[in-house]
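Spelled out from the first residue to the last, the chains are:
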Amino acid sequence: MVGWGAPPDVTHLQHEVVAIFGPTASGKSAVAKCVADGLGTEVVSADALQVYRGLAILTNQPADATRLVAIRELEETMSVGEYATLAHAAIDALVDAHGAAVVAGGTGLYVRAALADLEIPPAVDDERRARLELLYDASPEEAHARLAELDPAAAACVHANDRQRVVRALELSEVGSTLAPTTRRLWSEQMRRSTLLVGLDVPTAELERRIADRTNEMIRRGVVSEVHDALRRPVSQTARKALGLDEVATLPLDVARERIVARTRRYASYQRKWMRRMPGIVLIDADRPVRQVADDVLDLARAR
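Residues numbered from 1 in each chain as written. Predicted model: local features only at pLDDT ≥ 70, side-chain atom pairs only at ≥ 80, totals over all residues. Heavy atoms only, no water.

1. Concerning the overall build of the chain
How we decide: Every helix listed is a DSSP run of H or I at least four residues long, and every strand listed is a run of E at least two residues long, numbered separately from the N terminus. With the radius of gyration taken over C-alpha atoms, the globule rule is written as 2.2 Å times the number of residues to the power 0.38. Accessible area is worked out with a 1.4 Å probe on protein chains only. A residue is then buried under 20% of its type maximum, exposed over 50%, and partly exposed in between. Each accessible area value is a Shrake-Rupley result obtained with a 1.4 Å probe; residue values ignore everything except the protein chains displayed when judging cover. In this tally Asp and Glu are treated as negative and Lys and Arg as positive; neither His nor the chain ends contributes. The atom standing in for a charge is NZ when the residue is Lys, CZ when it is Arg, CG when it is Asp and CD when it is Glu.
Looking only at helices and strands, one finds 13 helices and seven strands in the chain. Here the C-alpha atoms of the chain give a radius of gyration of 20 Å, agreeing with the 19 Å that 2.2 N^0.38 yields for 304 residues. In terms of its C-alpha atoms, the chain occupies a principal-axis envelope of roughly 65 × 45 × 35 Å. Every one of the 304 residues in the chain was classed for burial, and the buried ones make up 47%. Of the roughly 14400 Å² of accessible surface on the chain, 50% is carried by carbon and sulfur atoms. Of the side chains in the chain, 39 bear a positive and 43 a negative charge, and the two mean positions are spaced by 2 Å.

Structure, rendered in structure tokens:
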């Protein structure tokens, strides 16, 4: 199956997996759905926060049925390793059933985990993490020096000022693992299956306009009530990372809106940096109607 719109001399797909990555508000969910419809398959989400039920508006969950969306309760955690197992199974099932799968997301590590066999380090208990965070906060230099003693390879690829990664590297070194192998393989071109990786490129000014519009739309749809309802139940540390959760919960609405827009713009800038580092990615102009963007992706996915 090659989907609608294929020229008569197109007989098969060049790739089993079409992965669509883009910053927040680049339109990746709509493009992915259109591409999946064209290929006669479904979309697998690669978003770290869309896995949670109860925050559909805040995390901008797609309206159409998408695999690995809303599969965890808010009090549950989700590690990259757990996600990778689920994503690999979903992708394999779609390829087996339909000949292709579409992966869409804006969480760079989750996209890579879905597409490749990464050496994902094990999870570490909260007590150990809290102890090492205190160690780092007391002296980042001493914490990094400690890492250099325990795992010189990890210390060489983690800057002393990067609190999250220094703490994570120390955690792993204490349980006999290391951050270094994952770091080396993260940007490898090796994929589990034949994959077309597409990046949606939107001019900065247009992306910022879309982010502001989307934030206003979240408020109009009732994100304030959604967040307050969600916080009546236990929320895991991973679910609490949802962008805008704390702002909506604790700030006046006008202030919360400004903070969310500012944070989202910064996050989008980070996502664009990720996008340009992904091996083999093909950038496509996404400042156009969804169908035009999807048609370009489908042309790349099909082989003659």
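2. Brief notes about the nonpolar core
The nonpolar side chains of soluble globular proteins are, as a tendency, buried together. Threshold: Working definition of a nonpolar core: buried Ala, Val, Leu, Ile, Met, Phe, Trp, Tyr and Cys residues. They are joined through side-chain atoms within 4.5 Å. Any two residues whose heavy atoms approach within 4.5 Å at even a single point are treated as in contact.
Core analysis: the biggest nonpolar cluster contains 48 residues, and Val44, Leu58, Tyr83, Ile91, Val103 and Leu115 have the highest contact counts within it. Elements with a contribution of two residues or more to this core: β2 (17-21), α2 (80-98), β4 (101-105), α3 (108-115), α10 (223-230), α11 (245-250) and α12 (253-277). Top contributing element to this core by residue count: α2, with eight residues. If near-sequence neighbours (up to four positions away) are discounted, isoleucine 91 is found in contact with Val17, Val44, Ala101, Val103, Ala114 and Arg193. Core analysis: the second largest hydrophobic core is formed by 29 residues, Val18, Val31, Val293 and Val297 among them.

3. Things to note about helix α1 (residues 28-39)
Cut-off, in case you're wondering: In a helix, the anticipated span is given by 1.5 Å times the number of residues less one.
If you check α1, its first and last C-alpha atoms are 16 Å apart, about what twelve residues at 1.5 Å a residue would give, namely 16 Å. Restricting attention to buried positions, one finds in α1 the residues Lys28, Val31, Ala32, Cys34, Val35, Ala36, Gly38 and Leu39. Glycine 40 sits one or two residues past α1 and shows a positive phi near 70 degrees.

4. Quick look at the environment of alanine 87
Locating alanine 87 in the fold gives a position in helix α2. Alanine 87 gets classed as buried once you look at its relative accessible area, which sits at 0%. When residues no more than four places from it in sequence are discounted, the contact partners of alanine 87 are Leu68 and Ala114.

5. Some points on α10
The line we're drawing: Here the arc refers to the directions that run from the helix axis out to each C-beta atom.
Val223, Glu226, Val227 and Ala230 are the residues of α10 that are buried. The arc that holds every buried residue of α10, seen down its axis, measures 95 degrees, which confines them to one face.

6. Quick notes on the pairing of β4
Residues in a regular strand point their side chains to alternate faces of the sheet. The condition is simple: Between any two strands, at least two bridges found by DSSP are needed for them to pair.
Across the five residues of β4, five count as buried, placing the element largely inside the fold. Taking every second residue as pointing to the same face, both faces of β4 are buried, with Ala101, Val103 and Gly105 on one and Val102 and Ala104 on the other. Looking at chain direction, β2 and β4 are connected through five bridges and run parallel. Bridge pairing in β4 links phenylalanine 21 to glycine 105.

7. With respect to the packing of helix α5 (residues 140-150) against helix α7 (residues 163-174)
Rules: Fitting a line to C-alpha atoms yields each axis, with helices limited to the stretch in contact; the angle taken between N-to-C directions then spans 0 to 180 degrees. Two helices crossing with the near one rotated counterclockwise from the far one by less than a right angle form a left-handed crossing, whereas a clockwise rotation gives a right-handed crossing. Lys, Arg, Asp and Glu make up the charged group, whereas Ala, Val, Leu, Ile, Met, Phe, Trp, Tyr, Cys and Pro make up the nonpolar group; the residues left over, Gly among them, are polar.
At a minimum axis distance of 10 Å, the contact between α5 and α7 shows a crossing angle of 35 degrees. In the packing of α5 onto α7, the handedness of the crossing is left-handed. Touching Ala143, His144, Arg146, Leu147 and Leu150 of α5 are Val166, Ala169, Leu170 and Ser173, all from α7. Considered class by class, the residues forming the contact of α5 with α7 number six nonpolar, two polar and one charged.

8. Observations concerning the sheet that holds strand β3 (residues 43-45)
A sheet is described by the order of its strands in space; here five strands give the open sequence β3-β4-β2-β5-β6, paired in parallel fashion. Each edge of the sheet is formed by a strand with only one pairing partner; in this case those strands are β3 and β6 (282-285). Strand-to-strand, the axes of this sheet are offset by a mean angle of 25 degrees, without reference to chain direction. Where strand β5 (residues 195-201) lies against β6, four bridges are found, and the strand directions are parallel. Counterpart to valine 198 in the pairing with β6 is valine 282. Sheet strands in contact with α1 are β2, β3, β4 and β5, and its direction is about 180 degrees off that of β4.

9. So, the pattern of salt bridges
Cut-off, in case you're wondering: A carboxyl oxygen of Asp or Glu within 4 Å of a side-chain nitrogen of Lys or Arg is what we treat as a salt bridge.
One pass over the structure, following the stated rule, counts 27 salt bridges. For glutamate 171, the salt bridge is made with arginine 129, and the minimal N-O distance between the two is 2.4 Å. Here the residue glutamate 171 occupies a position in helix α7, and arginine 129 occupies one in helix α4 (residues 126-138), the gap between them amounting to 42 residues. Assessed through its relative accessible area of 0%, glutamate 171 is described here as buried. Judged by its relative accessible area of 31%, arginine 129 falls in the partly exposed class. Across the pair aspartate 137 and arginine 163 runs a salt bridge whose closest N-O atoms are separated by 2.8 Å.

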